[in-house]
Amino acid sequence: MTQITQHAIGTFCWPELATGDPAGARSFYTALFGWSVNERDLGGGEFYYMLQHQGESVGAFYRMPDDQKAQGVPPHWMSYVSVADVDQIAAKVETLGGQLLAAPFDVFDAGRMAVAQDPLRATFALWQARKHPGAGVVNETGSMCWNELMTRDVERCKTFYTQLVGWKAEPWPGPVEYTVFKAGETMAGGMMAITPEMGDVPPHWMIYFAVDDCDRSAGKAKELGGRVLHGPTDIPGVGRFAVLMDPQGAVFSIIRMTGSA
């Protein structure tokens, strides 16, 4: 396992779950991925739960605030993008047609962040690291390995993200039209269109976690009270994946990459 002490600018660095049931989320994810939990006391009876795999942080979860639940915000995973200057990037969000949900603010001495939506209302976060670079491991079993935008306007989102964070957008060959976002020469994430067959799925950033056996992990998720929304399905030349929903309603994906042990 390779420890990450600094994420490249423009790459996804942190997955974070907002849930209505921290105890239920802890039970589900620790059993599914073998994660452990390190509680950080935020005061006022609230905690930030750091998820760890083999001693390295791989993400976190927290109890969703009551005002968000009252507004109908569902439990969800959010993707954080590493940036050099969060204030500078956040200042461009609305000029490019997006919406700034939370203006830049300091997270103690860990870093500085902002929360935004793209023009189609997919939500993501910007992270300027200080003492907390983000996930200590990615692209390995039990950790985040891919982030994918599902949207109803591919061209508009290409313009938004390339101008906002400086990604390059390149087509990916395959049976389905797919775009790869690159930070320099590093693949940062992907994008594909929401098809009519998907129904009223809202635009969103999907987080993928790497597993050794997609079918086994999907079956275990069901045993733990979750749901399998799609798959397991093969992606030729890439791997085998499934889209899951935890018992609280947050959606995420798992994948066994081609060539995994």
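All of these numbers come straight from a predicted model, not from anything done at the bench.

**With respect to the overall build of the protein**
So, point 1. Counting its regular elements, the protein contains 5 helices and 16 strands.
So, point 2. Its C-alpha atoms give the protein a radius of gyration of 17 Å, near enough to 18 Å, the size a compact globule of 261 residues would have.
So, point 3. Principal-axis analysis of the C-alpha atoms gives the protein an extent of 50 × 45 × 40 Å.
So, point 4. Taking contacts inside the protein between residues at least 6 apart in sequence as the whole, the part at least 24 apart equals 57%.
So, point 5. Summing over all exposed atoms, the protein offers an accessible surface of approximately 12,200 Å²; the carbon and sulfur share of this is 51%.
So, point 6. Averaged over its 20 positive side-chain charges, the protein has a centre that lies 1 Å from the centre of its 29 negative ones.

**Thoughts on the pattern of salt bridges**
So, point 1. Under the counting rule described, the total for this entry stands at 13 salt bridges.
So, point 2. For the salt bridge of D106 with R112, the shortest nitrogen-to-oxygen distance reads 3.0 Å.
So, point 3. Among the residues examined, D106 registers a relative accessible area of 42% and is labelled partly exposed.

**Digging into the sheet that holds strand β7 (residues 111-117)**
So, point 1. Ordered in space as β2-β3-β4-β1-β5-β8-β7-β6, the 8 strands form an open sheet in which the pairing is mixed. Here the strands that pair on one side only, and so sit at the sheet edges, are β2 (36-43) and β6 (99-107). Neighbour-to-neighbour, the strand axes of this sheet turn through a mean angle of 25°, independent of strand direction.
So, point 2. Relative to strand β8 (residues 123-129), β7 runs antiparallel, the two sharing 7 bridges. For V115, the partnering residue across the bridge sits in β8 and is A125.

**Observations regarding the packing of aromatic side chains**
So, point 1. Counting across every chain of the model gives 27 aromatic pairs.
So, point 2. Summarising the aromatic geometry, the rings of Y161 and F181 are spaced 5.9 Å apart at their centres and angled 55° between planes, so their arrangement reads as tilted. Taken as a pair, Y161 in helix α4 (residues 154-165) and F181 in strand β11 (residues 178-183) lie far apart in primary sequence, 20 residues in all.
So, point 3. Judged by relative accessible area, Y161 falls into the buried class, the value being 1%.
So, point 4. Put simply, the rings of F12, F124, F160, Y161, W167, F181 and W205 touch in pairs and so form one group of aromatic residues.

**Some points on helix α1 (residues 22-33)**
Residues separated by three or four positions in an α-helix point in the same direction, a consequence of the helix having 3.6 residues per turn.
So, point 1. Taking 1.5 Å as the rise per residue, α1 with 12 residues should run 16 Å; its terminal C-alpha atoms sit 16 Å apart, in good agreement.
So, point 2. Turning to α1, its buried residues are P22, G24, A25, F28, Y29, L32 and F33. One face of α1 carries all of its buried residues, which in axial projection span an arc of 155°.
So, point 3. With its phi angle positive at about 75°, G34 sits one or two positions after the end of α1.

**Observations regarding the pairing of β2**
So, point 1. The pairing of β2 with strand β3 (residues 46-53) spans 7 bridges and is classified as antiparallel. Considered in β3, the bridge of N38 is made with M50.
So, point 2. Counted along the chain from β2 to the antiparallel partner β3, the turn is 2 residues long, and its residue G44 has a positive phi close to 65°.

**A word on the packing of α1 against helix α5 (residues 214-223)**
So, point 1. Where α1 meets α5, the axes come as close as 10 Å, and the angle between the chain directions of the two elements is 155°. As judged from the angle between their axes, α1 and α5 are roughly antiparallel. Crossing of α1 against α5: the hand is right-handed. Contact residues: F28, A31 and L32 in α1; S217, K220 and A221 in α5.
So, point 2. Its residues assigned to classes, the contact of α1 with α5 shows 4 nonpolar, 1 polar and 1 charged.

**Things to note about unusual backbone geometry**
So, point 1. Residue G231 is joined to P232 through a cis peptide bond whose omega torsion reads 0°.
So, point 2. Relative to the helices and strands, P232 is located in strand β14 (residues 227-235).
So, point 3. In this structure, F108 is a non-glycine residue whose phi angle is positive, near 50°.
So, point 4. With respect to the secondary-structure elements, F108 resides in the loop between β6 and β7.
So, point 5. In the Ramachandran plot, R121 falls in the positive-phi region, its phi being about 80° despite a non-glycine side chain.
So, point 6. Looking at where R121 falls in the secondary structure, it is placed in the loop between β7 and β8.
So, point 7. A relative accessible area of 39% places R121 in the partly exposed class.

Scoring rules and cut-offs
Residues numbered from 1 in each chain as written. Predicted model: local features only at pLDDT ≥ 70, side-chain atom pairs only at ≥ 80, totals over all residues. Heavy atoms only, no water. Helix = DSSP H or I, 4+ residues; strand = E, 2+ residues; numbered from the N terminus. Rg over C-alpha atoms; globule rule 2.2 N^0.38 Å. Contact = heavy atoms within 4.5 Å. Areas by Shrake-Rupley, 256 points an atom, 1.4 Å probe, with all protein chains shown as cover. Lys, Arg positive; Asp, Glu negative; His and termini not counted. Charge placed at Lys NZ, Arg CZ, Asp CG, Glu CD. Salt bridge = Lys/Arg side-chain N within 4 Å of Asp/Glu carboxyl O. Buried < 20%, exposed > 50% of the residue type's maximum accessible area, 1.4 Å probe, protein only. Pairing = 2+ DSSP bridges. Axes fitted to C-alpha atoms, helices over the stretch in contact; angles between N-to-C directions. Phe/Tyr/Trp six-rings, centres within 6.5 Å; stacked < 30°, edge-to-face > 60°. Expected span 1.5 Å × (residues − 1). Arc of directions from axis to C-beta. Parallel < 35°, antiparallel > 145°, perpendicular 65-115°, else oblique. Left-handed = near helix turned anticlockwise from the far one by under 90°. Nonpolar A, V, L, I, M, F, W, Y, C, P; charged D, E, K, R; others polar.

It is worth stressing that arrangement in space is one thing and function is another; only the former is reported here.
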